Structure formats: C-alpha cells, structure tokens
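# Structural overview for review
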Amino acid sequence: MEKQIIKLWEQDVPGYIGGEIPMLTYYPAENKRGKGTVVICPGGGYCKRAPHEGEGYAKYLNSIGLDAFVVDYRVHPNHFPYPLLDARRAVRYVRKNAEIFGIDPSKIAIMGSSAGGHLAALTSTYRNAIDGEGVDELDSVDATPNAQILCYPVIDFGGHNGSFIHLLGDKLEEMRDSVTPSLIADKDTPPAYIWHTAEDTCVNILNTYDYVKALKKLSVPVELHVYPFGAHGLGLANEGGRNVPHVQSWAPLMEQWLKLMGWIEA
C-alpha cells in the first residue's frame with residue numbers, strides 16, 4: 001500500500017497566512033506487528049522540517065511493523081499556537097479514524113526530533129485550549145498522545161533559543177515558560193522514550209535532563225539513553241555524514257520499549 005497524503009482540514013485552515021498547507025502523510029506498514037502507531041514531527045528549528053527525521057523515521061517504523069504518520073506542521077513565519085494546533089489535529093485525526101487504519105486509538109505515540117521533539121513534548125503536556133480549535137467535530141476528540149518519543153529534543157529556551165524565537169516571535173518573553181514542557185508537565189503526561197548525545201553543541205543535553213527530572217518527580221515512566229559522542233540531528237545515525245554506528249542502537253532500543261508498552265507484539 002502506497003503512502004497517502006491527508007488534509008488536516010477539509011475547509012478553511014485556522015490561522016492560515018499562505019504558503020504550505022498543514023498535511024498528514026500516512027505510511028502503512030506492509031507487515032503489521034501490532035495496533036500501535038506513531039505520529040512524527042520532524043525537526044528543523046521551527047523554520048523547516050528535516051526529511052530524515054520524518055519520512056526516514058516513518059520507513060523505519062514500517063520496517064518493525066508499525067504504521068506511521070508524518071505531520072507537515074506550520075513553521076516560521078507561522079507562530080504559536082499554529083504548530084501545536086497542527087500536531088494536535090494530527091493526533092485527533094488518527095484517533096478518530098483508528099478503526100479505518102486498523103490501529104488502537106489508545107496506542108498513539110508522538111515522536112519528534114530537535115524542535116520537533118519540543119512540539120511532541122508540548123503536545124504531550126500543554127492542556128490549555130488554543131486559537132483555531134472548536135471549528136468542527138474532530139476538535140472534540142482527545143488530542144493527548146499515549147506515549148512520547150523524543151530524539152535530542154528542544155525542551156526549554158536554554159536548550160535552543162532559536163527554536164523558541166521562531167515559535168513565539170514577539171511573544172517570547174510573555175509565553176516562554178508556558179510552552180516549556182519541563183515546567184508544565186503533570187501527572188497525566190504520557191510515558192516517554194528519550195535519547196540525546198552529550199556532545200550535542202546545538203541543543204544542550206541539560207534541557208533533556210531537566211525534562212527527565214520533571215517526569216521522575218511526577219512518577220511518569222521514562223527511558224533515557226545518552227550517547228557520549230555524536231553531533232546534533234543524527235536521525236537514525238546511519239547515513240552519510242550522520243553515520244555514527246555506536247548511536248544506531250537507539251532505534252532497536254526504542255523497538256524494545258514499544259514492545260514493552262504494547263505497541264508491537266512481543
């Protein structure tokens with residue numbers, strides 16, 4: 001079955017200012033090994049979306065028996081709340097149509113790298129209503145994922161200030177804390193699988209430690225893998241200048257975690 005491009009809104013897109021329309025691309029697994037699925041937010045500092053952290057991950061997830069969905073969420077010059085609106089809409093769409101896709105609506109993970117990791121963590125922790133919601137029946141569906149997978153994520157302003165600047169624009173000082181997942185996480189935050197490299201000079205690993213610490217205090221299950229070496233943006237760490245063999249274990253370890261969580265049949 002070929003990949004399928006899905007409109008997140010059939011009618012007018014809330015907050016649309018031109019350019020790309022937010023979409024969802026469905027990547028079906030040829031040989032499913034479970035009814036879990038993953039919604040993927042590629043990284044790119046909220047000013048672009050990196051294909052190796054989108055389609056690259058989706059194809060890997062297909063290879064281990066999971067359907068995957070990649071969100072083409074809005075980036076700069078679009079500001080908050082629209083990237084979050086798009087990510088929430090994606091989770092809602094997948095959950096509402098779970099029966100059609102043959103997946104379990106209670107086994108929807110969200111995955112993101114770098115700024116996409118921020119968006120995935122924000123979708124997992126931000127509870128307030130936002131502009132653009134409530135336009136149709138789909139907005140009544142729960143938008144909170146059941147698990148989060150974060151790859152070298154941006155969590156706070158100190159982790160990568162450029163991502164926060166691109167997301168918030170002139171509302172940076174006003175809204176910075178309110179979109180920092182380590183500050184807004186609560187006991188209902190879904191379990192997390194997180195990995196990062198200590199050598200990352202783009203996104204400071206200390207912001208990942210802060211998020212893990214916050215989740216621990218809330219008794220939210222979290223699995224963390226830290227690799228001593230490796231630059232930022234490695235993705236699967238298996239191609240071109242991003243080929244770092246000792247980091248490649250993060251994906252098989254994620255597969256084991258997904259089995260533990262019940263996304264994949266053991």
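Residues numbered from 1 in each chain as written. Predicted model: local features only at pLDDT ≥ 70, side-chain atom pairs only at ≥ 80, totals over all residues. Heavy atoms only, no water.

## Topic: the overall build of the chain
The number of helices and strands found in the chain is nine helices and eight strands. Compactness check: the chain gives a C-alpha radius of gyration of 17 Å against a globular reference of 18 Å for 266 residues, within 12% of the reference. C-alpha extents for the chain along the principal axes are approximately 45 × 45 × 40 Å. The 266 residues of the chain split such that 57% are buried. Considering only contacts within the chain whose residues lie at least 6 apart along the sequence, 77% involve residues at least 24 apart. Just so you have it, the chain exposes about 11,300 Å², and 51% of that area is on carbon and sulfur atoms. Positive and negative side-chain charges in the chain, numbering 24 and 32 respectively, have mean positions lying 3 Å apart. (Helix = DSSP H or I, 4+ residues; strand = E, 2+ residues; numbered from the N terminus. Rg over C-alpha atoms; globule rule 2.2 N^0.38 Å. Buried < 20%, exposed > 50% of the residue type's maximum accessible area, 1.4 Å probe, protein only. Contact = heavy atoms within 4.5 Å. Areas by Shrake-Rupley, 256 points an atom, 1.4 Å probe, with all protein chains shown as cover. Lys, Arg positive; Asp, Glu negative; His and termini not counted. Charge placed at Lys NZ, Arg CZ, Asp CG, Glu CD.)

## Overview of a nonpolar patch on the surface
The grouping of Leu 206, Tyr 209 and Val 226 at the surface amounts to a nonpolar patch, some 260 Å² of accessible area in total. Within the secondary structure, Val 226 sits in strand 8 (residues 222-227). Here Val 226 falls in the partly exposed class, since its relative accessible area comes to 35%. (Patch = residues over 30% accessible without salt bridge, like charges linked within 9 Å, V, L, I, M, F, W, Y side chains within 5 Å. Salt bridge = Lys/Arg side-chain N within 4 Å of Asp/Glu carboxyl O.)

## Some words on the packing of helix 2 (residues 82-96) against helix 4 (residues 115-125)
Running from N to C, helix 2 and helix 4 cross one another at 65°; their axes reach a closest spacing of 10 Å. By the angle class used here, helix 2 and helix 4 are roughly perpendicular. Crossing hand, helix 2 versus helix 4: right-handed. Note on element contacts: helix 4 touches helix 2 through Leu 119, Leu 122 and Thr 123, opposite Pro 83, Leu 84, Ala 87, Arg 88 and Val 91. Of the residues contributing to the contact of helix 2 with helix 4, the split by class is six nonpolar, one polar and one charged. (Axes fitted to C-alpha atoms, helices over the stretch in contact; angles between N-to-C directions. Parallel < 35°, antiparallel > 145°, perpendicular 65-115°, else oblique. Left-handed = near helix turned anticlockwise from the far one by under 90°. Nonpolar A, V, L, I, M, F, W, Y, C, P; charged D, E, K, R; others polar.)

## So, the pairing of strand 8
Bridging between strand 7 (residues 192-197) and strand 8 involves six bridges; their strand directions are parallel. What sits directly across from Ala 192, in strand 8, is Val 222. On the question of chirality, the crossover connecting strand 7 to the parallel strand 8 by way of helix 8 (residues 205-217) is right-handed. (Pairing = 2+ DSSP bridges. Right-handed = clockwise from strand over helix to strand, strands pointing away.)

## Details of the side chain of Glu 53
Within the fold, Glu 53 resides in the loop between strand 3 (37-41) and helix 1 (55-63). One buried charge, Glu 53, has no salt-bridge partner; the nearest side chain with opposite charge is Arg 242, at 6.9 Å. There is a polar contact of 2.6 Å between the side chain of Glu 53 and the side chain of Tyr 152. Look past the residues within four positions of Glu 53 in its chain and what remains in contact with it is Ile 40, Pro 42, Gly 43, Ser 113, Tyr 152 and Gly 233. (Polar contact = N/O pair within 3.5 Å; in protein donor to acceptor, adjacent residues only side chain to side chain.)

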